[in-house]
Amino acid sequence: MHCLACGAPLAGRVDKRFCDDACRSGFHNQKHREQDAFVYKINKILKKNRKILSICYNRGLQSIFIHKLLEEGFLFGYCTHIESIEGKRGYINFCYDYGYKTVNKNQVEIVYKYSKEKSLPL
Ligand SMILES: [Zn+2]
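Since we're looking at a predicted model, the values are computed, not measured. What you see as residue numbers is a count from 1 along each chain, following the sequence as written. Thresholds applied to this predicted model are a pLDDT of at least 70 for local features of residues and 80 or more for the giving and counting of side-chain atom pairs; totals over whole chains, interfaces and linings are not thresholded and use all residues.

Caption draft 1: Structural context of the overall build of the protein chain. In this text, helices come from DSSP runs of H or I with a minimum length of four residues, and strands from runs of E with a minimum of two, each type numbered from the N-terminal end. Scanning the protein chain from N- to C-terminus turns up 2 helices and 5 strands. For the protein chain, the N- to C-terminal ordering of α and β elements is α-β-α-β-β-β-β. The globule rule is 2.2 Å times the number of residues to the power 0.38, and the radius of gyration it is compared with is taken over C-alpha atoms. For 122 residues, the compact-globule estimate of 2.2 N^0.38 gives 14 Å, and the C-alpha radius of gyration of the protein chain, at 23 Å, exceeds that figure by more than 25%. Summarising its shape, the C-alpha atoms of the protein chain cover approximately 65 × 35 × 25 Å along the three principal directions. Residues counted as buried form 15% of the 122 residues belonging to the protein chain. A pair of residues counts as a contact when their C-beta atoms, built from backbone coordinates, are within 7 Å of each other. Restricting the contact set of the protein chain to residue pairs at least 6 apart, pairs at least 24 apart contribute 34%. Exposed residues have 12 or fewer other C-beta atoms within 10 Å of their own C-beta, buried residues have 20 or more, and partly exposed residues fall in between, where C-beta atoms are placed from the backbone.

Caption draft 2: Spotlight on the nonpolar core. Here, a nonpolar core denotes buried Ala, Val, Leu, Ile, Met, Phe, Trp, Tyr and Cys residues that are linked to one another through C-beta atoms within 7 Å. The biggest cluster of nonpolar side chains holds 14 residues, and the ones touching the most others in it are Leu53 and Ile110. Within the residue set of this core, elements represented by two or more residues are α1 (21–58), β3 (91–95), β4 (98–102) and β5 (107–112). Those residues in contact with Ile110, other than ones at most four positions away along the chain, are Leu53, Cys56, Tyr57, Leu61, Gln62, Ile64, Tyr98 and Tyr100.

Caption draft 3: Region of the structure containing the pairing of β3. Extensive coverage of β3 is indicated by the burial of 4 of its 5 residues. Relative to β3, strand β2 (residues 81–84) is paired through 4 bridges, and the arrangement is antiparallel. Residue Ile82 lies in a different strand from β3, and its bridge partner there is Asn93. Pairing between two strands is assigned when DSSP locates at least 2 bridges connecting them. Here β2 hands over to β3 after 6 residues, with Gly87 in that stretch at a positive phi of 70 degrees. Inspection of the sheet shows β3 paired to β4 by 3 bridges, in the antiparallel sense. Within β4, the residue paired with Phe94 across the bridge is Gly99. What sits between the antiparallel neighbours β3 and β4 is a turn of 2 residues, in which Tyr96 has the positive phi angle 65 degrees.

Caption draft 4: The arrangement of the sheet that holds strand β1 (residues 63–65) in detail. What the 5 strands build is an open sheet, ordered β1-β5-β4-β3-β2; its pairing is antiparallel. Each end of this open sheet is capped by a strand with a single partner; those strands are β1 and β2. Neighbour-to-neighbour, the strand axes of the sheet open up by a mean angle of 35 degrees, direction not taken into account. In this sheet, β5 lies alongside β4 in antiparallel orientation, the contact comprising 5 bridges. The axes are straight lines fitted to the C-alpha atoms, using for helices just the contacting stretch, and the angles between their N-to-C directions are given from 0 to 180°.

Caption draft 5: The arrangement of the environment of Asn49 in detail. Structurally, Asn49 is set in helix α1. Residue classification places Asn49 among the buried positions, given that 26 C-beta atoms sit within 10 Å. For the pair Asn49 and Cys95, spaced 46 residues apart in the sequence, the C-alpha separation amounts to 6.6 Å. Residues within four places of Asn49 in sequence aside, it is in contact with Phe74, Leu75, Tyr78 and Cys95.

Taken by themselves, the reported measurements are silent on function.
See below:
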């Protein structure tokens, strides 16, 4: 067995994973840094998506061409939650309080919804 942090051979108990406390905490700190960096990266994308939707919406552009959103740097596939449309087929993909739904294969409609706590399971 080798230390998970520094790779040095380990002697002693068979379930030993690290040389010492320094290697143990170093390993866990590194793991947390990587996880934090990943979460940070995703949050940055989500916030950018929200900002793009909000700018378009507040310009009065309720329908927008998908290629325009892509040009602005919008990344489809990153959303916070999905809601079904009442009484209709289809879904709204939200980036926080702004969302979009498909109009046709080239366009989406931008939706703003400030969800009151009753609709959020918080
Ligand atoms: Zn070590």
